[in-house]
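Structural overview for review
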Amino acid sequence: MTNLLASLNTRGEKILLVGYSNVTNLRINSIIESNAYPILLIPEEFDLPSSVKQQASNGKLQVINDSDYASNIEYYLRNIGRNEVDNIIDRVFVTLPQHQRDLKEGIFRKCQRLRIPINITDSPEFCTFTLLSSYNQGDFQLGVTTNGKGCKLASRLKREIVHKLPGDIDAICDKVGELRRQIQLEDEVSFEIGDDDDDSVNTHKFNSLVHEFNQTQEEVKGRRNRWLSQIVEYYPLSKLATLSIEDLRFAYDKHKRNDNKQRIDVDSIPKSGKIALVGSGPGSVALLTLGALQTIHQADLILADKLVPQEVLDLIPKNHGPELFIARKFPGNAERAQEELLTMGLEALEKGKFVLRLKQGDPYIFGRGGEEYNYFAQHGYEPIVIPGISSALAAPVVAGIPMTHRDVADQVLICTGTGRKGAVPNLPSFDPSRTTIFLMALHRIVDLVPVLVKEKGWSPNLPVAIVERATCPDQRVIRTTLEKLGDVVESCGSRPPGLLVTGYACEVIHKNPTLKNWLVSEGFQYNFDNSKISVV
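Residues numbered from 1 in each chain as written. Predicted model: local features only at pLDDT ≥ 70, side-chain atom pairs only at ≥ 80, totals over all residues. Heavy atoms only, no water.

1. Some points on the UniProt feature "domain: Siroheme synthase central" (unreviewed entry) in the protein chain
Using the following cut-off: UniProt positions are given in the numbering used here, feature names are shortened, and annotations may be inferred rather than shown by experiment. Numbering of helices and strands runs from the N terminus; a helix is a DSSP stretch of H or I covering at least four residues, while a strand is a stretch of E covering at least two.
Taking the numbering used here, the UniProt-annotated feature "domain: Siroheme synthase central" (unreviewed entry) corresponds to residues 137–162. Secondary structure across residues 137–162 comprises 46% helix and 23% strand; the distance between its end C-alpha atoms is 10 Å.

Written as C-alpha coordinates, this is what we have:
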(Lines give C-alpha, C1' and ligand atoms only; values in the text may rest on other atoms or scores of the structure.)
Protein backbone atom coordinates (compact mmCIF):
# COMPACT_ATOMS: atom_id res chain seq x y z
CA MET A 1 0.00 0.00 0.00
CA THR A 2 1.28 3.44 -0.94
CA ASN A 3 -0.01 6.45 0.96
CA LEU A 4 0.19 10.13 0.14
CA LEU A 5 2.63 11.60 2.65
CA ALA A 6 2.27 15.20 3.76
CA SER A 7 3.56 17.65 6.34
CA LEU A 8 0.54 19.13 8.08
CA ASN A 9 0.27 22.64 9.48
CA THR A 10 -1.79 22.18 12.65
CA ARG A 11 -1.24 25.65 14.13
CA GLY A 12 -4.32 26.69 16.10
CA GLU A 13 -6.19 23.44 15.57
CA LYS A 14 -8.22 21.74 18.28
CA ILE A 15 -7.41 18.05 18.40
CA LEU A 16 -9.44 15.52 20.37
CA LEU A 17 -7.80 12.58 22.12
CA VAL A 18 -10.12 9.79 23.23
CA GLY A 19 -8.86 7.47 25.98
CA TYR A 20 -5.51 7.45 27.71
CA SER A 21 -2.28 5.43 27.56
CA ASN A 22 1.45 6.14 27.44
CA VAL A 23 0.99 6.84 23.73
CA THR A 24 -1.55 9.54 24.60
CA ASN A 25 1.02 11.36 26.69
CA LEU A 26 3.40 11.45 23.71
CA ARG A 27 0.58 12.68 21.47
CA ILE A 28 -0.25 15.51 23.88
CA ASN A 29 3.33 16.75 23.86
CA SER A 30 3.58 16.50 20.06
CA ILE A 31 0.33 18.42 19.59
CA ILE A 32 1.47 21.19 21.92
CA GLU A 33 4.85 21.40 20.16
CA SER A 34 3.05 21.80 16.81
CA ASN A 35 1.16 24.83 18.22
CA ALA A 36 -2.18 23.04 18.32
CA TYR A 37 -4.51 22.62 21.30
CA PRO A 38 -5.18 19.10 22.67
CA ILE A 39 -8.48 18.15 24.28
CA LEU A 40 -8.42 14.90 26.27
CA LEU A 41 -11.69 12.96 26.67
CA ILE A 42 -11.57 10.26 29.36
CA PRO A 43 -13.89 8.42 31.78
CA GLU A 44 -14.77 10.44 34.85
CA GLU A 45 -13.00 8.11 37.29
CA PHE A 46 -9.67 8.01 35.40
CA ASP A 47 -6.63 9.27 37.35
CA LEU A 48 -4.10 11.09 35.14
CA PRO A 49 -0.33 11.28 35.71
CA SER A 50 1.01 14.44 37.33
CA SER A 51 2.75 15.55 34.13
CA VAL A 52 -0.57 15.60 32.26
CA LYS A 53 -2.28 17.40 35.13
CA GLN A 54 0.49 20.00 34.96
CA GLN A 55 -0.18 20.60 31.25
CA ALA A 56 -3.86 21.11 32.08
CA SER A 57 -3.12 23.52 34.93
CA ASN A 58 -0.86 25.53 32.58
CA GLY A 59 -3.74 25.96 30.16
CA LYS A 60 -2.06 23.95 27.39
CA LEU A 61 -4.49 21.04 27.65
CA GLN A 62 -8.24 20.71 28.23
CA VAL A 63 -9.41 17.59 30.07
CA ILE A 64 -13.03 16.43 29.75
CA ASN A 65 -14.20 13.73 32.18
CA ASP A 66 -17.31 11.94 30.96
CA SER A 67 -18.38 8.54 32.27
CA ASP A 68 -20.64 8.12 29.22
CA TYR A 69 -18.27 9.54 26.61
CA ALA A 70 -18.95 6.62 24.24
CA SER A 71 -22.57 7.72 23.87
CA ASN A 72 -21.70 11.42 23.66
CA ILE A 73 -18.79 11.17 21.22
CA GLU A 74 -20.66 12.74 18.30
CA TYR A 75 -21.53 15.76 20.41
CA TYR A 76 -17.85 16.36 21.11
CA LEU A 77 -16.91 15.89 17.47
CA ARG A 78 -19.44 18.54 16.37
CA ASN A 79 -19.32 21.12 19.17
CA ILE A 80 -15.92 21.69 20.80
CA GLY A 81 -13.85 22.73 17.79
CA ARG A 82 -12.87 26.16 16.47
CA ASN A 83 -15.36 28.79 15.40
CA GLU A 84 -13.66 29.01 11.99
CA VAL A 85 -14.72 25.44 11.17
CA ASP A 86 -18.22 25.64 12.69
CA ASN A 87 -16.99 24.12 15.97
CA ILE A 88 -16.19 20.76 14.39
CA ILE A 89 -13.04 19.18 15.86
CA ASP A 90 -10.01 19.27 13.54
CA ARG A 91 -8.48 15.84 14.17
CA VAL A 92 -9.01 12.84 16.41
CA PHE A 93 -6.62 10.42 18.09
CA VAL A 94 -8.11 7.35 19.77
CA THR A 95 -6.25 5.18 22.27
CA LEU A 96 -8.55 2.43 23.48
CA PRO A 97 -8.02 -1.25 24.40
CA GLN A 98 -8.31 -3.91 21.69
CA HIS A 99 -11.49 -5.38 23.19
CA GLN A 100 -13.31 -2.09 22.46
CA ARG A 101 -13.16 -2.68 18.72
CA ASP A 102 -16.86 -1.86 18.21
CA LEU A 103 -16.46 1.50 19.92
CA LYS A 104 -13.36 2.29 17.86
CA GLU A 105 -15.15 1.43 14.63
CA GLY A 106 -18.13 3.56 15.66
CA ILE A 107 -15.91 6.60 16.28
CA PHE A 108 -14.20 5.97 12.96
CA ARG A 109 -17.51 5.91 11.03
CA LYS A 110 -18.67 9.15 12.66
CA CYS A 111 -15.40 10.88 11.77
CA GLN A 112 -15.67 9.61 8.20
CA ARG A 113 -19.09 11.19 7.78
CA LEU A 114 -17.85 14.49 9.23
CA ARG A 115 -14.62 14.37 7.16
CA ILE A 116 -12.53 14.52 10.35
CA PRO A 117 -9.07 12.94 10.01
CA ILE A 118 -8.75 10.15 12.60
CA ASN A 119 -5.97 7.92 13.93
CA ILE A 120 -6.74 4.91 16.13
CA THR A 121 -3.77 3.25 17.83
CA ASP A 122 -3.11 -0.37 16.75
CA SER A 123 -6.06 -0.28 14.33
CA PRO A 124 -4.73 0.79 10.90
CA GLU A 125 -8.03 -0.29 9.28
CA PHE A 126 -9.73 2.53 11.22
CA CYS A 127 -7.24 5.27 10.38
CA THR A 128 -7.45 7.98 7.74
CA PHE A 129 -3.94 9.11 8.65
CA THR A 130 -0.96 7.83 10.61
CA LEU A 131 1.91 9.66 12.26
CA LEU A 132 5.45 9.13 11.06
CA SER A 133 8.50 8.34 13.13
CA SER A 134 9.94 11.81 12.83
CA TYR A 135 13.22 13.66 13.27
CA ASN A 136 13.53 17.43 13.49
CA GLN A 137 16.62 19.62 13.19
CA GLY A 138 15.78 23.25 12.63
CA ASP A 139 13.59 23.52 9.54
CA PHE A 140 14.62 20.06 8.39
CA GLN A 141 12.07 17.36 9.14
CA LEU A 142 12.25 13.68 8.29
CA GLY A 143 9.42 11.18 8.63
CA VAL A 144 9.41 7.40 8.21
CA THR A 145 6.41 5.11 8.08
CA THR A 146 5.98 1.36 7.61
CA ASN A 147 2.22 1.77 7.03
CA GLY A 148 1.28 0.09 10.26
CA LYS A 149 3.85 -2.70 10.12
CA GLY A 150 5.60 -1.59 13.28
CA CYS A 151 6.50 1.64 15.10
CA LYS A 152 9.76 0.16 16.40
CA LEU A 153 10.87 -0.71 12.88
CA ALA A 154 10.04 2.79 11.64
CA SER A 155 12.01 4.28 14.53
CA ARG A 156 15.00 2.05 13.77
CA LEU A 157 14.91 2.97 10.07
CA LYS A 158 14.70 6.64 10.99
CA ARG A 159 17.82 6.39 13.16
CA GLU A 160 19.72 4.65 10.37
CA ILE A 161 18.77 7.37 7.88
CA VAL A 162 19.59 10.22 10.27
CA HIS A 163 23.00 8.66 10.88
CA LYS A 164 23.81 9.12 7.17
CA LEU A 165 22.82 12.80 7.05
CA PRO A 166 25.27 15.69 7.42
CA GLY A 167 25.38 16.93 10.98
CA ASP A 168 24.44 20.44 9.87
CA ILE A 169 21.47 19.54 7.69
CA ASP A 170 19.52 22.38 9.30
CA ALA A 171 22.19 24.85 8.15
CA ILE A 172 21.93 23.47 4.61
CA CYS A 173 18.20 24.15 4.61
CA ASP A 174 18.75 27.68 5.94
CA LYS A 175 21.46 28.51 3.40
CA VAL A 176 19.66 27.18 0.35
CA GLY A 177 16.43 28.80 1.51
CA GLU A 178 18.15 32.15 1.90
CA LEU A 179 19.69 31.96 -1.57
CA ARG A 180 16.30 31.03 -3.01
CA ARG A 181 14.76 34.11 -1.44
CA GLN A 182 17.58 36.27 -2.81
CA ILE A 183 16.90 35.07 -6.35
CA GLN A 184 13.17 35.60 -5.89
CA LEU A 185 13.73 39.20 -4.78
CA GLU A 186 16.38 40.12 -7.34
CA ASP A 187 14.81 38.43 -10.36
CA GLU A 188 11.20 38.70 -9.22
CA VAL A 189 10.77 34.95 -9.76
CA SER A 190 7.68 33.60 -8.03
CA PHE A 191 8.37 29.82 -8.05
CA GLU A 192 4.67 29.34 -8.55
CA ILE A 193 3.06 25.91 -8.26
CA GLY A 194 2.88 24.24 -11.65
CA ASP A 195 5.78 26.27 -13.07
CA ASP A 196 8.03 24.04 -15.17
CA ASP A 197 11.01 25.73 -13.56
CA ASP A 198 9.86 25.04 -10.00
CA ASP A 199 12.85 23.70 -8.06
CA SER A 200 10.74 20.97 -6.46
CA VAL A 201 10.69 18.80 -9.58
CA ASN A 202 12.93 18.00 -12.54
CA THR A 203 11.08 18.65 -15.79
CA HIS A 204 12.12 18.51 -19.44
CA LYS A 205 13.40 22.08 -19.03
CA PHE A 206 15.80 21.27 -16.20
CA ASN A 207 18.82 20.74 -18.48
CA SER A 208 17.36 22.22 -21.66
CA LEU A 209 19.45 24.32 -24.00
CA VAL A 210 19.89 27.95 -23.00
CA HIS A 211 20.57 30.15 -26.02
CA GLU A 212 23.67 32.28 -25.73
CA PHE A 213 22.36 35.41 -27.46
CA ASN A 214 19.18 37.46 -27.78
CA GLN A 215 17.70 36.20 -24.53
CA THR A 216 14.59 37.84 -23.19
CA GLN A 217 14.51 39.06 -19.61
CA GLU A 218 12.12 36.23 -18.73
CA GLU A 219 14.56 33.67 -20.17
CA VAL A 220 17.35 35.12 -18.06
CA LYS A 221 15.19 34.87 -14.96
CA GLY A 222 14.30 31.28 -15.77
CA ARG A 223 17.96 30.39 -16.22
CA ARG A 224 18.83 31.76 -12.81
CA ASN A 225 16.01 29.74 -11.36
CA ARG A 226 17.39 26.57 -12.99
CA TRP A 227 20.87 27.48 -11.74
CA LEU A 228 19.66 27.18 -8.15
CA SER A 229 17.93 23.89 -8.91
CA GLN A 230 21.12 22.52 -10.46
CA ILE A 231 23.40 23.56 -7.61
CA VAL A 232 21.10 21.70 -5.18
CA GLU A 233 20.68 18.71 -7.50
CA TYR A 234 24.27 18.15 -8.61
CA TYR A 235 26.50 19.43 -5.84
CA PRO A 236 27.48 16.64 -3.39
CA LEU A 237 25.48 16.97 -0.19
CA SER A 238 28.58 16.49 1.94
CA LYS A 239 30.20 19.46 0.18
CA LEU A 240 27.02 21.50 0.15
CA ALA A 241 27.16 21.29 3.93
CA THR A 242 30.43 23.26 3.90
CA LEU A 243 29.21 26.05 1.65
CA SER A 244 28.31 29.43 3.01
CA ILE A 245 25.91 31.94 1.56
CA GLU A 246 28.96 33.95 0.52
CA ASP A 247 30.31 30.98 -1.46
CA LEU A 248 27.01 30.48 -3.22
CA ARG A 249 26.76 34.21 -3.80
CA PHE A 250 30.20 34.20 -5.44
CA ALA A 251 29.18 31.45 -7.85
CA TYR A 252 25.87 33.17 -8.59
CA ASP A 253 27.57 36.49 -9.39
CA LYS A 254 30.13 34.73 -11.55
CA HIS A 255 27.35 32.93 -13.39
CA LYS A 256 25.58 36.24 -14.02
CA ARG A 257 28.78 37.64 -15.56
CA ASN A 258 29.11 34.63 -17.87
CA ASP A 259 25.75 34.57 -19.61
CA ASN A 260 26.89 32.00 -22.20
CA LYS A 261 27.15 29.16 -19.68
CA GLN A 262 24.30 26.72 -19.57
CA ARG A 263 25.09 25.05 -16.24
CA ILE A 264 26.85 26.36 -13.17
CA ASP A 265 30.38 25.04 -12.81
CA VAL A 266 30.35 23.82 -9.21
CA ASP A 267 34.13 23.40 -9.24
CA SER A 268 34.44 27.17 -9.66
CA ILE A 269 32.96 27.78 -6.22
CA PRO A 270 35.68 28.50 -3.65
CA LYS A 271 35.90 25.57 -1.30
CA SER A 272 35.54 26.27 2.39
CA GLY A 273 38.39 24.81 4.40
CA LYS A 274 37.75 22.34 7.18
CA ILE A 275 39.81 21.07 10.07
CA ALA A 276 39.88 17.91 12.15
CA LEU A 277 41.47 17.44 15.56
CA VAL A 278 42.43 13.78 15.58
CA GLY A 279 43.94 11.54 18.23
CA SER A 280 46.62 9.19 16.89
CA GLY A 281 46.56 6.91 19.92
CA PRO A 282 49.52 5.95 22.10
CA GLY A 283 51.83 4.57 19.40
CA SER A 284 50.97 1.31 17.70
CA VAL A 285 48.95 1.49 14.49
CA ALA A 286 46.92 -1.37 15.98
CA LEU A 287 45.36 1.23 18.28
CA LEU A 288 44.76 3.86 15.60
CA THR A 289 41.04 4.39 14.96
CA LEU A 290 39.54 3.91 11.51
CA GLY A 291 38.33 7.52 11.63
CA ALA A 292 41.89 8.75 12.19
CA LEU A 293 43.20 6.58 9.36
CA GLN A 294 40.60 7.91 6.95
CA THR A 295 41.35 11.55 7.74
CA ILE A 296 45.08 10.91 7.22
CA HIS A 297 44.28 9.84 3.66
CA GLN A 298 41.85 12.72 3.05
CA ALA A 299 43.82 15.67 4.42
CA ASP A 300 45.66 18.30 2.40
CA LEU A 301 47.89 19.37 5.30
CA ILE A 302 48.84 17.39 8.41
CA LEU A 303 50.10 19.31 11.43
CA ALA A 304 51.48 16.63 13.74
CA ASP A 305 52.73 16.71 17.30
CA LYS A 306 56.38 15.81 17.56
CA LEU A 307 55.45 12.81 19.72
CA VAL A 308 53.21 11.20 17.10
CA PRO A 309 55.08 7.90 16.51
CA GLN A 310 56.81 7.12 13.23
CA GLU A 311 54.57 4.08 12.77
CA VAL A 312 51.59 6.37 12.35
CA LEU A 313 53.42 8.91 10.19
CA ASP A 314 54.46 6.08 7.86
CA LEU A 315 50.77 5.65 6.97
CA ILE A 316 50.70 9.06 5.26
CA PRO A 317 50.56 8.55 1.46
CA LYS A 318 53.92 9.37 -0.08
CA ASN A 319 52.95 10.09 -3.69
CA HIS A 320 50.70 13.12 -4.07
CA GLY A 321 49.77 12.77 -0.41
CA PRO A 322 49.17 15.52 2.13
CA GLU A 323 51.85 17.94 3.18
CA LEU A 324 53.30 17.04 6.59
CA PHE A 325 54.59 19.49 9.18
CA ILE A 326 55.82 18.31 12.59
CA ALA A 327 55.55 20.69 15.52
CA ARG A 328 58.82 22.25 16.62
CA LYS A 329 57.98 21.99 20.30
CA PHE A 330 61.31 21.91 22.07
CA PRO A 331 62.11 22.95 25.65
CA GLY A 332 61.54 26.68 25.98
CA ASN A 333 59.80 26.92 22.61
CA ALA A 334 56.45 25.24 23.26
CA GLU A 335 54.27 28.37 23.18
CA ARG A 336 55.87 29.82 20.03
CA ALA A 337 55.67 26.42 18.33
CA GLN A 338 51.98 26.18 19.22
CA GLU A 339 51.35 29.62 17.72
CA GLU A 340 53.19 28.53 14.57
CA LEU A 341 50.91 25.50 14.20
CA LEU A 342 47.77 27.55 14.70
CA THR A 343 48.88 30.15 12.16
CA MET A 344 49.76 27.53 9.56
CA GLY A 345 46.44 25.77 10.09
CA LEU A 346 44.43 28.99 9.72
CA GLU A 347 46.29 30.02 6.54
CA ALA A 348 45.58 26.62 4.97
CA LEU A 349 41.91 26.78 5.96
CA GLU A 350 41.55 30.17 4.32
CA LYS A 351 42.84 28.58 1.11
CA GLY A 352 40.07 25.97 1.29
CA LYS A 353 42.27 23.08 2.44
CA PHE A 354 41.42 20.16 4.70
CA VAL A 355 43.73 20.48 7.70
CA LEU A 356 44.42 17.55 10.00
CA ARG A 357 45.76 18.43 13.43
CA LEU A 358 47.23 15.07 14.42
CA LYS A 359 47.75 14.77 18.16
CA GLN A 360 49.27 12.00 20.20
CA GLY A 361 46.81 10.04 22.34
CA ASP A 362 43.47 11.82 22.63
CA PRO A 363 43.03 15.51 21.73
CA TYR A 364 41.16 16.35 24.93
CA ILE A 365 43.38 14.64 27.51
CA PHE A 366 46.19 17.11 28.21
CA GLY A 367 46.53 17.74 24.49
CA ARG A 368 45.35 21.37 24.25
CA GLY A 369 42.48 20.11 22.13
CA GLY A 370 39.96 22.42 23.75
CA GLU A 371 42.21 25.46 23.22
CA GLU A 372 42.72 24.60 19.55
CA TYR A 373 39.02 23.95 19.03
CA ASN A 374 38.14 27.37 20.40
CA TYR A 375 40.86 29.08 18.34
CA PHE A 376 39.69 27.71 15.00
CA ALA A 377 35.99 28.04 15.88
CA GLN A 378 36.51 31.72 16.71
CA HIS A 379 37.97 32.17 13.24
CA GLY A 380 34.93 30.57 11.60
CA TYR A 381 36.18 26.99 11.27
CA GLU A 382 34.49 24.59 13.68
CA PRO A 383 36.72 21.52 13.96
CA ILE A 384 35.70 17.90 13.62
CA VAL A 385 37.05 16.04 16.66
CA ILE A 386 37.96 12.36 16.39
CA PRO A 387 38.88 10.73 19.72
CA GLY A 388 42.05 8.75 20.13
CA ILE A 389 43.04 6.11 22.65
CA SER A 390 44.90 7.99 25.35
CA SER A 391 48.18 6.59 26.64
CA ALA A 392 46.72 7.21 30.10
CA LEU A 393 44.27 4.39 29.41
CA ALA A 394 46.32 2.19 27.08
CA ALA A 395 49.68 2.21 28.88
CA PRO A 396 48.44 0.54 32.11
CA VAL A 397 46.74 -2.17 30.03
CA VAL A 398 49.85 -3.09 28.02
CA ALA A 399 51.87 -2.95 31.24
CA GLY A 400 49.59 -5.54 32.85
CA ILE A 401 47.97 -3.14 35.31
CA PRO A 402 44.19 -3.44 35.75
CA MET A 403 43.34 0.15 36.71
CA THR A 404 40.26 -1.02 38.57
CA HIS A 405 40.20 -4.28 40.49
CA ARG A 406 37.77 -5.56 43.08
CA ASP A 407 38.89 -4.85 46.66
CA VAL A 408 41.99 -3.02 45.35
CA ALA A 409 41.03 0.00 43.23
CA ASP A 410 37.56 1.39 42.59
CA GLN A 411 38.51 4.65 40.90
CA VAL A 412 40.96 6.11 38.38
CA LEU A 413 42.44 9.60 38.34
CA ILE A 414 44.44 11.14 35.45
CA CYS A 415 46.70 14.04 36.42
CA THR A 416 49.44 16.15 34.91
CA GLY A 417 52.82 16.54 36.55
CA THR A 418 53.47 19.89 34.87
CA GLY A 419 51.29 22.93 35.36
CA ARG A 420 51.08 26.08 33.26
CA LYS A 421 54.50 27.54 32.46
CA GLY A 422 56.17 24.60 34.19
CA ALA A 423 54.74 25.17 37.66
CA VAL A 424 54.05 22.27 40.02
CA PRO A 425 50.31 21.53 39.71
CA ASN A 426 47.86 20.99 42.55
CA LEU A 427 48.64 17.34 43.33
CA PRO A 428 45.94 15.01 44.72
CA SER A 429 45.82 13.68 48.25
CA PHE A 430 46.42 9.96 48.71
CA ASP A 431 43.54 7.52 48.41
CA PRO A 432 44.52 3.85 48.83
CA SER A 433 41.62 2.65 46.65
CA ARG A 434 42.59 4.83 43.68
CA THR A 435 44.84 4.25 40.67
CA THR A 436 46.43 7.56 39.73
CA ILE A 437 48.13 8.16 36.38
CA PHE A 438 50.50 11.09 35.95
CA LEU A 439 51.25 12.44 32.48
CA MET A 440 54.18 14.78 31.77
CA ALA A 441 55.68 14.06 35.16
CA LEU A 442 58.83 11.92 34.73
CA HIS A 443 61.15 14.82 33.90
CA ARG A 444 60.44 16.37 37.30
CA ILE A 445 59.78 13.31 39.40
CA VAL A 446 62.41 14.34 41.97
CA ASP A 447 60.33 17.45 42.73
CA LEU A 448 56.98 15.67 42.82
CA VAL A 449 57.70 12.70 45.09
CA PRO A 450 58.52 14.76 48.22
CA VAL A 451 55.33 16.79 47.77
CA LEU A 452 53.24 13.63 47.43
CA VAL A 453 54.79 11.94 50.48
CA LYS A 454 55.20 14.87 52.87
CA GLU A 455 52.26 17.10 51.95
CA LYS A 456 49.66 14.80 50.41
CA GLY A 457 50.01 11.71 52.61
CA TRP A 458 51.20 9.23 50.00
CA SER A 459 52.87 6.01 51.18
CA PRO A 460 56.58 5.80 50.23
CA ASN A 461 56.15 2.04 49.63
CA LEU A 462 53.25 2.47 47.22
CA PRO A 463 53.71 0.28 44.09
CA VAL A 464 54.26 2.33 40.92
CA ALA A 465 55.18 1.72 37.29
CA ILE A 466 56.83 3.87 34.66
CA VAL A 467 55.50 3.06 31.18
CA GLU A 468 57.48 4.57 28.30
CA ARG A 469 56.63 4.57 24.58
CA ALA A 470 53.56 2.46 25.29
CA THR A 471 52.54 0.08 22.46
CA CYS A 472 55.66 0.94 20.41
CA PRO A 473 58.27 -1.74 19.58
CA ASP A 474 60.69 -0.15 22.08
CA GLN A 475 58.15 0.03 24.91
CA ARG A 476 59.67 -0.15 28.40
CA VAL A 477 57.99 -0.79 31.75
CA ILE A 478 59.82 -0.20 35.05
CA ARG A 479 58.13 -1.42 38.25
CA THR A 480 59.21 -0.03 41.60
CA THR A 481 57.90 1.94 44.60
CA LEU A 482 57.20 5.64 45.02
CA GLU A 483 60.26 6.38 47.17
CA LYS A 484 62.65 4.78 44.65
CA LEU A 485 61.42 6.71 41.62
CA GLY A 486 64.25 9.23 41.77
CA ASP A 487 66.89 6.47 41.74
CA VAL A 488 65.10 4.70 38.88
CA VAL A 489 65.09 7.75 36.63
CA GLU A 490 68.71 8.46 37.52
CA SER A 491 69.82 4.88 36.75
CA CYS A 492 67.63 3.96 33.78
CA GLY A 493 67.34 7.29 32.06
CA SER A 494 64.31 8.42 30.11
CA ARG A 495 62.61 7.15 26.97
CA PRO A 496 59.85 9.67 26.21
CA PRO A 497 56.98 9.84 25.97
CA GLY A 498 56.35 8.17 29.29
CA LEU A 499 53.91 8.23 32.15
CA LEU A 500 53.66 7.13 35.75
CA VAL A 501 51.04 4.70 37.08
CA THR A 502 50.61 4.62 40.86
CA GLY A 503 48.52 2.53 43.23
CA TYR A 504 48.08 -0.98 44.56
CA ALA A 505 46.62 -2.07 41.22
CA CYS A 506 50.24 -2.06 39.97
CA GLU A 507 50.91 -5.34 41.81
CA VAL A 508 47.67 -7.20 41.13
CA ILE A 509 49.24 -9.14 38.23
CA HIS A 510 52.96 -8.33 38.37
CA LYS A 511 54.56 -8.63 41.79
CA ASN A 512 58.13 -8.20 42.99
CA PRO A 513 58.81 -11.47 44.83
CA THR A 514 62.57 -10.97 45.07
CA LEU A 515 62.20 -7.50 46.58
CA LYS A 516 64.45 -5.88 43.97
CA ASN A 517 64.61 -2.11 43.84
CA TRP A 518 63.02 -2.20 40.40
CA LEU A 519 62.09 -4.57 37.57
CA VAL A 520 62.45 -3.68 33.89
CA SER A 521 60.62 -5.28 30.94
CA GLU A 522 61.20 -4.35 27.30
CA GLY A 523 59.10 -4.48 24.11
CA PHE A 524 55.50 -4.56 22.99
CA GLN A 525 54.53 -8.06 21.92
CA TYR A 526 51.37 -7.19 19.98
CA ASN A 527 52.93 -5.11 17.25
CA PHE A 528 51.27 -5.14 13.80
CA ASP A 529 52.57 -5.03 10.25
CA ASN A 530 51.87 -1.57 8.82
CA SER A 531 51.97 -2.87 5.26
CA LYS A 532 48.73 -4.76 5.83
CA ILE A 533 46.80 -1.63 6.78
CA SER A 534 44.84 0.05 4.00
CA VAL A 535 41.90 2.36 3.52
CA VAL A 536 38.81 0.89 1.89
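On we go.
2. A short note on helix α13 (residues 369–378)
The following threshold applies: Burial classes follow relative accessibility: with a 1.4 Å probe on protein chains only, a residue under 20% of its type's maximum area counts as buried, one over 50% as exposed, and anything between as partly exposed. As used here, the arc belongs to the directions running from the helix axis to the C-beta atoms. Contacts are assigned to residue pairs that have any heavy atoms within 4.5 Å of one another.
Three or more residues of α13 are buried, namely Gly-369, Glu-372 and Phe-376. Buried residues of α13 fall within an arc of 65° about the axis and therefore sit on the same side. Residues of α13 that are buried in the fold lie against β8 (274–279), α12 (334–350) and β11 (354–359). Once α13 ends, the next one or two residues include Gly-380, with phi positive near 90°.

3. A short note on the environment of Met-440
In this fold, Met-440 is placed in the loop between β14 (434–439) and α15 (445–455). Residue classification places Met-440 among the partly exposed residues on the basis of a relative accessible area of 40%. The spatial distance from the C-alpha of Met-440 to the C-alpha of Thr-418 is 6.0 Å, given a sequence separation of 22 residues. Met-440 has contacts with Phe-366, Thr-416, Gly-417, Thr-418 and Gly-498, leaving out every residue within four places of it along the chain.

4. As for the sheet that holds strand β5 (residues 118–120)
Convention followed: The pairing criterion is simple: DSSP has to find at least two bridges between the two strands. Axis geometry follows a simple rule: fit a line to the C-alpha atoms, using only the stretch in contact for helices, then measure angles between N-to-C directions, giving values from 0 to 180 degrees.
Spatial strand order, β3-β2-β1-β4-β5: five strands in an open sheet with parallel pairing. In the strand order of this sheet, the two ends are held by β3 (62–65) and β5, each with one partner. Taken over all neighbouring pairs, the strand axes of this sheet differ in orientation by 15° on average, direction set aside.

5. Focus: the sheet that holds strand β10 (residues 323–326)
Strand order across the open sheet formed by five strands is β10-β9-β11-β8-β12, with parallel pairing between neighbours. The open sheet has two edge strands, β10 and β12 (384–386), and neither has a second partner. Within this sheet the neighbouring strands show an average axis-to-axis angle of 20°, counted without direction. Of the pairings in the sheet, the one linking β8 to β12 comprises three bridges and is parallel in character.

6. What to know about the packing of α15 against helix α16 (residues 485–492)
What counts here: Here is the rule for angles: anything less than 35 degrees is roughly parallel, anything more than 145 is roughly antiparallel, 65 through 115 is roughly perpendicular, and the remaining ranges are oblique. Gly falls in the polar group here, along with every residue not listed as nonpolar (Ala, Val, Leu, Ile, Met, Phe, Trp, Tyr, Cys, Pro) or charged (Asp, Glu, Lys, Arg).
The N-to-C vectors of α15 and α16 enclose an angle of 170°; their axes lie 9 Å apart at closest approach. By the angle class used here, α15 and α16 are roughly antiparallel. Residues Ile-445, Val-446 and Val-449 of α15 pack against Leu-485, Gly-486 and Val-489 of α16. Grouping the constituent residues of the contact of α15 with α16 by class yields five nonpolar, one polar and no charged.

7. A few points about the pattern of salt bridges
Counted only if it meets this: One side-chain nitrogen of Lys or Arg within 4 Å of one carboxyl oxygen of Asp or Glu is enough to make a salt bridge.
Summed over all chains, the structure comprises 17 salt bridges. Of the charged contacts, one joins Glu-13 and Arg-91 as a salt bridge, the two residues approaching to 2.8 Å between their closest N and O atoms. Taken as a pair, Glu-13 in the segment before β1 (14–18) and Arg-91 in strand β4 (residues 91–94) lie far apart in primary sequence, 78 residues in all. Each member of the pair Glu-13 and Arg-91 is classed as buried. Connected via shared salt-bridge partners are Asp-305, Arg-357, Lys-359 and Glu-372.

8. Some words on the environment of Thr-435
Here is the rule we go by: Each polar contact in these results corresponds to two N or O atoms within 3.5 Å; when the atoms are within protein, one needs to be able to donate a hydrogen and the other to accept it, and residues that are neighboring in sequence are counted only if both atoms are side-chain atoms.
With respect to the helices and strands, Thr-435 occurs in strand β14. Not counting the four nearest positions on each side in its chain, Thr-435 is found in contact with Met-403, Ala-409, Gln-411, Val-412, Leu-413, Val-501, Thr-502 and Ala-505. Within the local environment of Thr-435, its side chain forms a polar contact with the backbone oxygen of Met-403, the two atoms lying 2.7 Å apart.

9. Some remarks on the pairing of β1
Keep this limit in mind: If the strands point away from the viewer and the path from the first strand over the helix to the second runs clockwise, then the crossover is right-handed.
Counting buried positions along β1 yields four of five residues, so the element is predominantly enclosed. For the crossover from β1 across helix α1 (residues 22–33) to strand β2 (residues 37–42), the handedness is right-handed. Judged from the four bridges that link them, β1 and β4 form a sheet pairing that is parallel. Residue pairing in the sheet places Leu-16 in a bridge with Val-92 of β4.

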